[in-house]
Amino acid sequence: MLPRRRALLAGLSLPALLTACGPRSAVAQRGLLPDFADLAERVLPAVVNIAVTSEQAAAIPPEFRGTPLERHFRNRRERVQGAGSGFIIDASGLVVTNNHVVGQASRLTVSLQGGQEVQATLVGGDELTDLALLRIEGRADLTALSWGSSAAMRVGNWVMAAGNPFGLGGTVTTGIVSARGRDLGAGPFDDFIQTDAAINPGNSGGPLFNTAGEVIGINTAIYSPSGANAGIGFATPSDLARPVIETLRRDGHVARGWLGVQVQDVVAEDARTGRRAVLVAGVDRAGPAARSGLRAGDIVTGINGETIETSRTLVRNIAAMPPGQTVRLSVLRDRRQIELRLQVGRRPGGPA
């Protein structure tokens, strides 16, 4: 029976085969699979390559370390070249990419799809979301992309990635949304879209599109034992990226909130309940938390009346607040629930 069924399936057309294998999707009902040709033609003019030049301290050859000749290498600088991807989000010349693509660049060169090269300047970057905004001048014929809703994407939806893999220039790959809400441990704002569209070194900063040609993600990272595509790529969702890019455009930086505490996840128990909460493991004596009376050993259970169950959620909520804003923390101390009000400080390392 099994060999006969295989023979029957082998002779079926694609739509009939999909019917035989199970319920048909809307695509199968039309007798078509997605064709990305029109989409690629429409959006590729807005996808750019970014060449990065930076300078760093020259490496000291091992054979000279610990010798009198070592000092000759200490002040030497060497030029480092890098490359990534980006996309034009405004026809005035604004280009979105990853912050790690830009790094400490001394020179940024944007290559358009037609082969033209133009110099770019850094408008601003945000380390926590790994996003950066560049500006190119003197172009009146730029094609710009529009944002789409990453929240509207479902696991299994088709997507198309575009960028500069291995420095090969404008390249598109397709796949589906493999998962949502991935936390890679890179920071408090981890909320990555996972896709099996091929993402390789050089794709960083490039757009991830839905089938309408809207940007629903910025390609950021891959998981690969070999360093090349293994079908596991990650993109920063557009719903997270869009307000950050707007802030960079307006202010040139993102001011992040800070409490000045070290925290970890615990299970808080009192006379009424036991639930997940956040233990204050340490307090920076010069930080806003210490000035407001928060102590090591306190357990934070809520912020502004909303329950907090993980340290990641606490850090993310505080980081999203502008410095100077007052926040109310619900704290369990010596089995008693108390409320503390404190003014959020400015995250160290951010703009003054």
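As a starting point, this report considers the structure included with it. (Residues numbered from 1 in each chain as written. Predicted model: local features only at pLDDT ≥ 70, side-chain atom pairs only at ≥ 80, totals over all residues. Heavy atoms only, no water.)

### A short note on the overall build of the protein chain
Item 1. When its secondary structure is counted, the protein chain shows 9 helices and 20 strands.
Item 2. Taken across its 352 residues, the protein chain has 42% of its residues classed as buried.
Item 3. Contacts in the protein chain between residues far apart in sequence, at least 24 positions, make up 60% of those at least 6 positions apart.
Item 4. Total accessible area on the protein chain is roughly 18500 Å²; 49% of this is exposed by carbon and sulfur atoms. (Helix = DSSP H or I, 4+ residues; strand = E, 2+ residues; numbered from the N terminus. Buried < 20%, exposed > 50% of the residue type's maximum accessible area, 1.4 Å probe, protein only. Contact = heavy atoms within 4.5 Å. Areas by Shrake-Rupley, 256 points an atom, 1.4 Å probe, with all protein chains shown as cover.)

### Some words on unusual backbone geometry
Item 1. The phi dihedral of D130 falls on the positive side, at around 55°, and the residue is not glycine.
Item 2. By the secondary structure assignment, D130 is in the loop between strand 5 (117–126) and strand 6 (131–136).

### Some points on the sheet that holds strand 9 (residues 192–195)
Item 1. Around the barrel, 6 strands lie side by side as 7-8-9-12-11-10; this closed barrel has antiparallel pairing. Adjacent strand axes in the sheet meet at a mean angle of 45° when their direction is disregarded.
Item 2. Note: strand 9 against strand 12 (residues 233–237), 3 bridges, orientation antiparallel. By the bridge assignment, T195 is partnered in strand 12 with G233.
Item 3. Against the sheet, helix 7 (residues 238–251) contacts strand 11 (215–222) and strand 12, and its axis sits at roughly 50° relative to strand 12. (Pairing = 2+ DSSP bridges. Axes fitted to C-alpha atoms, helices over the stretch in contact; angles between N-to-C directions.)

### Notes on the side chain of N210
Item 1. By the secondary structure assignment, N210 is in the loop between strand 10 (207–209) and strand 11.
Item 2. A distance of 3.0 Å separates the side chain of N210 from the backbone nitrogen of A212, its partner in a polar contact.
Item 3. A distance of 2.9 Å separates a polar atom in the side chain of N210 from the backbone nitrogen of E214.
Item 4. When near neighbours in sequence (up to four residues on either side) are disregarded, N210 contacts L39, M153, W158 and I216. (Polar contact = N/O pair within 3.5 Å; in protein donor to acceptor, adjacent residues only side chain to side chain.)

### A few points about helix 7
Item 1. The end-to-end C-alpha distance of helix 7 is 20 Å, a good match for the 20 Å that 14 residues give at a rise of 1.5 Å each.
Item 2. If you follow the buried residues of helix 7, they end up packed against strand 3 (94–97), strand 5, strand 6, strand 11, strand 12 and helix 9 (311–319).
Item 3. After helix 7 finishes, the residue G252 shows a positive phi value of roughly 80°. (Expected span 1.5 Å × (residues − 1).)

### Focus on the nonpolar core
Item 1. Residues I50, F87, V110, L134, I136, W147 and F209 are the most contacted members of the largest nonpolar core, which totals 41 residues.
Item 2. Among the elements that make up this core, the one with the highest residue count is strand 6 (5 residues).
Item 3. The contacts of I50, once residues within four sequence positions are left out, are G82, A83, G84, S85, G86, V95, T97, V101, L108, T109, V110 and L134.
Item 4. One finds I303, I308, V327 and I338 within the second-largest nonpolar core, a separate group that totals 18 residues. (Core = buried A, V, L, I, M, F, W, Y, C linked by side-chain atoms within 4.5 Å.)

### Brief notes about the pairing of strand 16 (residues 299–303)
Item 1. The element strand 16 is extensively covered by neighbouring structure, given that 5 of its 5 residues are classed as buried.
Item 2. For strand 16 and strand 18 (residues 326–333), the ladder comprises 4 bridges, and the chain directions are antiparallel. Looking at strand 18, one finds that I303 is bridged to L329.
Item 3. As defined by bridge partners, strand 16 adjoins strand 17 (residues 306–307) across 2 bridges and the pair is classed as antiparallel. Bridging from a neighbouring strand, I303 pairs with E306 of strand 17.
Item 4. What sits between strand 16 and strand 17 in their antiparallel hairpin is a turn of 2 residues, with N304 showing a positive phi close to 50°.

### Section: the environment of V315
Item 1. Position of V315 among the secondary structure elements: in helix 9.
Item 2. Counting along the chain gives 56 residues from V315 to L259, while the straight-line C-alpha distance between them is 8.6 Å.
Item 3. Leaving out residues up to four positions away in the same chain, V315 has contacts with P188 and V263.

### Quick look at helix 9
Item 1. Inspection of helix 9 places S311, L314, I318 and A319 among the buried residues, and these make up the whole buried set. Relative to the axis of helix 9, the buried residues are bounded by an arc of 125° and lie together on one face. (Arc of directions from axis to C-beta.)

### Side note on the pattern of salt bridges
Item 1. The final tally for this structure, using the stated rule, is 6 salt bridges.
Item 2. A salt bridge links D183 to R312, with the shortest nitrogen-to-oxygen separation between them at 3.3 Å. Placement of the pair is D183 in the loop between strand 8 (171–182) and strand 9 and R312 in helix 9, with a sequence separation of 129 residues.
Item 3. By relative accessible area, D183 is classed as partly exposed at 44%.
Item 4. Take R312: its relative accessible area is 28%, and that puts it in the partly exposed class.
Item 5. In this structure, the salt-bridge partner of R250 is D251, at a minimum N-O distance of 3.1 Å. (Salt bridge = Lys/Arg side-chain N within 4 Å of Asp/Glu carboxyl O.)

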